[in-house]
Each structure stands twice: as C-alpha cells, then as structure tokens.
Amino acid sequence: MSVEPVAEEAVLHADSGGIRRIILNRPEAANAVRPQDRDAIIELLVDADADHAVRVVVIEARGRHFCAGADVKALAGSRTGGEKRVTEGMRRIMTGAQRLIASVLDCGKPVIAVVQGPAAGIGAHLALAADLVVASEEATFIESFVRRGLVVDGGGAYLLPRRLGMQKAKELAFFGDAVPAAEALALGLVNRVVPAEELAATAEDFAERLAVAPTSAIALTKRLLNASPDGDRASAFLAEGMAQEIQSYAADSGEGIRSFVERRPPEYRGW
C-alpha cells in the first residue's frame, strides 16, 4: 500500500480496500496543525466524500501525540506586523479551524478518529467531530484554549454541549483540565478505550466493518443524527422520511432485502 505525501509530508494519506487513512505526520511537533496541514486534511476529506471508492475515513497520527492543536508558532508568525482589521480574525477562524471541523461533520463517509495520546484544542475537536473514536489508555482530551487566554474555537462551542451537556462543557472549557481516556469513555466522548498495543487492531476492525457496509444508508443516517439536536420533532421526522425515501432507490437497499429473504450475508456496494 503506497503512502502519498501531502503538504511537505506533514499529512499523509493512503487508500486501500475502501478505507482512506489520513495520517498526521509531525511527531516532532506533537502533530500540531499548521494552516497548510489543515488545508490538506480538508482537501482529503472533501475528496473522500466525492470518491465512491472510499467508504470510510480513518484519521490517525504518528508519534506520542494525536494532535496538540493549532501550531501556535506558525500562527504567531502570521499575525506579526501590519494593521489589524475588523472581522479579519473572525474570517480566519471561519475559513480555517471551523472549516476543518465542518469537513469532518459533513463528510458523507463515516469518519473514525484513532487517538493514541494527547488531543488538545483543535486536535481534541478533530477527534470529537468524528463519528467514532477509538482511544488508547494513554489518550487525553484537553480544551487548551483557556490555558492560552483564548476563546474556544474550531467548533468547540457547538460540539462540546452536544457531546457532554452544557455544565460539563463549561467546566472543561473554563478550566482546560485534561480528560483521561477512562473518563472520556464514561462521558461518552469515545467509543472504545483499549491498551496501546490493541489500538490499531480495534480501529481496523471498525474500519473494515464500515468498508463493506451500506455506505449511502450510513451517510444519510449520519446527516439525520448530526442535525437532530438542532431541530424540532416535526423537522426531524420529515427529514427521516425523506432519507428513507431516497435510500429506498439505492442498490444496497434492494440487496439488503434480498439477502434477508435469501438468508445470506449481504454484499453491499456502497450505493
């Protein structure tokens, strides 16, 4: 399986068996994300969404850290000199960190985050935006913005209350305390916590199962679930009915029914 370098090899990707792996590859910088790294990840997610051969996306990282957040040194360098203009910072966040998180949430393929160590700031949000999170026992999740005197960004104010409830979201955002893997599991932030030596195999099991699943059905279900906290019952029921109608025309819908009647395992094609 070949690995193609993107953005000076800071972000790698590999496609095989319906699985796209996006690999953060700056272990010497705790996989802190620079603007060009962020844009590379976004491009890979957008491409995966459109590529019918990709049926699941796995986001992982090399080294001890999953992602230490935005590269503060790179950001500091980009902000030196010149006049500060109204809305410039807002636009930078909206087209940068928020666009990264939106690309995970909006990807029509299920996204799995594999967290082997600390995930801080936008790194934590990159994991929490994923549909499934597999973590090692050494993983931690840190809302590090307050530690730097910053307001939470990268969709944090949207994600945290939906994942945790309002009170716990405020606690993490106000204090910036590290959440160890066991607590993250208890809070419902992750799906599995396993010993480090079992992390790759556990994530691979999830990915392989999704790579042969009815991809379009999962994509529609993902949209319904992601939208459900923001709407009323009538809207949710209408969207559900429309999604059912759309999926009824899918090849996998017919295959699912036929395989059930014929008492055999289904062979889904993803559409």
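Residues numbered from 1 in each chain as written. Predicted model: local features only at pLDDT ≥ 70, side-chain atom pairs only at ≥ 80, totals over all residues. Heavy atoms only, no water.

Turning next to the overall build of the protein. When helices and strands are counted, the protein shows twelve helices and ten strands. By principal-axis analysis of the C-alpha atoms, the protein measures approximately 65 × 45 × 35 Å. In the protein, the share of contacts with a sequence separation of at least 24, taken over all contacts with a separation of at least 6, comes to 68%. A total of about 14400 Å² of accessible surface is found on the protein, and carbon and sulfur atoms cover 56% of it. (Helix = DSSP H or I, 4+ residues; strand = E, 2+ residues; numbered from the N terminus. Contact = heavy atoms within 4.5 Å. Areas by Shrake-Rupley, 256 points an atom, 1.4 Å probe, with all protein chains shown as cover.)

Looking now at the pairing of strand β5 (residues 111-115). Here β5 lies mainly inside the structure; five of its five residues are buried. Residue alternation in β5 divides its side chains into two sets, V111, A113 and V115 and I112 and V114, and both sets are buried. Bridge count for strand β4 (residues 56-61) against β5 is three bridges, and the pairing is parallel. Bridge assignment links V58 to a residue of β5, and that residue is I112. (Buried < 20%, exposed > 50% of the residue type's maximum accessible area, 1.4 Å probe, protein only. Pairing = 2+ DSSP bridges.)

Attention now moves to helix α6 (residues 156-164). Turning to α6, its buried residues are G156, L159, L160 and L164. For α6, the angular spread of buried residues about the axis comes to 95°, placing them on one side. Those residues of α6 that are buried lie in contact with α4 (97-106), α5 (122-128), α7 (166-175) and α8 (181-187). Two residues or fewer past α6, G165 is found with a positive phi of approximately 90°. (Arc of directions from axis to C-beta.)

Looking now at empty space enclosed by the protein. Evaluation of the coordinates by the stated rule reveals two cavities of 30 Å³ or more. The space that makes up the largest cavity amounts to roughly 70 Å³. Lining the largest cavity are A124, L128, F141, I142, E143, L160, L164, L172, D177, V179 and L189. Sorting the residues of the lining of the largest cavity by element identifies α5, β8 (140-142) and α6 as the ones contributing at least two each. Its residues assigned to classes, the lining of the largest cavity comprises nine nonpolar, no polar and two charged. Classifying every residue of the lining of the second largest cavity gives six nonpolar, two polar and two charged. (1 Å grid on protein atoms, 1.4 Å probe; cavity = no way out; pocket = protein on both sides within 12 Å on 5 of 7 lines; lining within 4 Å. Points joined across faces, edges and corners; volume = space filled by probe spheres on them. Nonpolar A, V, L, I, M, F, W, Y, C, P; charged D, E, K, R; others polar.)

The next subject is the sheet that holds strand β6 (residues 118-120). Strands sit in the order β6-β8-β9 across an open sheet of three strands; the sheet is mixed. At either margin of the open sheet sits one strand with a lone partner, and together these are β6 and β9 (178-180). On average, each strand axis in the sheet is inclined to that of its neighbour by 20°, with strand direction left out of account. With three bridges joining them, β8 and β9 adopt antiparallel strand pairing. Note on β9: the bridge partner recorded for T140 is P180. (Axes fitted to C-alpha atoms, helices over the stretch in contact; angles between N-to-C directions.)

Now for a nonpolar patch on the surface. On the surface, I257, F260 and V261 cluster together into a nonpolar patch covering about 390 Å² of accessible area. Following the sequence through the fold, V261 ends up in helix α12 (residues 251-261). On the basis of relative accessible area, V261 is assigned to the exposed category, the value being 63%. (Patch = residues over 30% accessible without salt bridge, like charges linked within 9 Å, V, L, I, M, F, W, Y side chains within 5 Å. Salt bridge = Lys/Arg side-chain N within 4 Å of Asp/Glu carboxyl O.)

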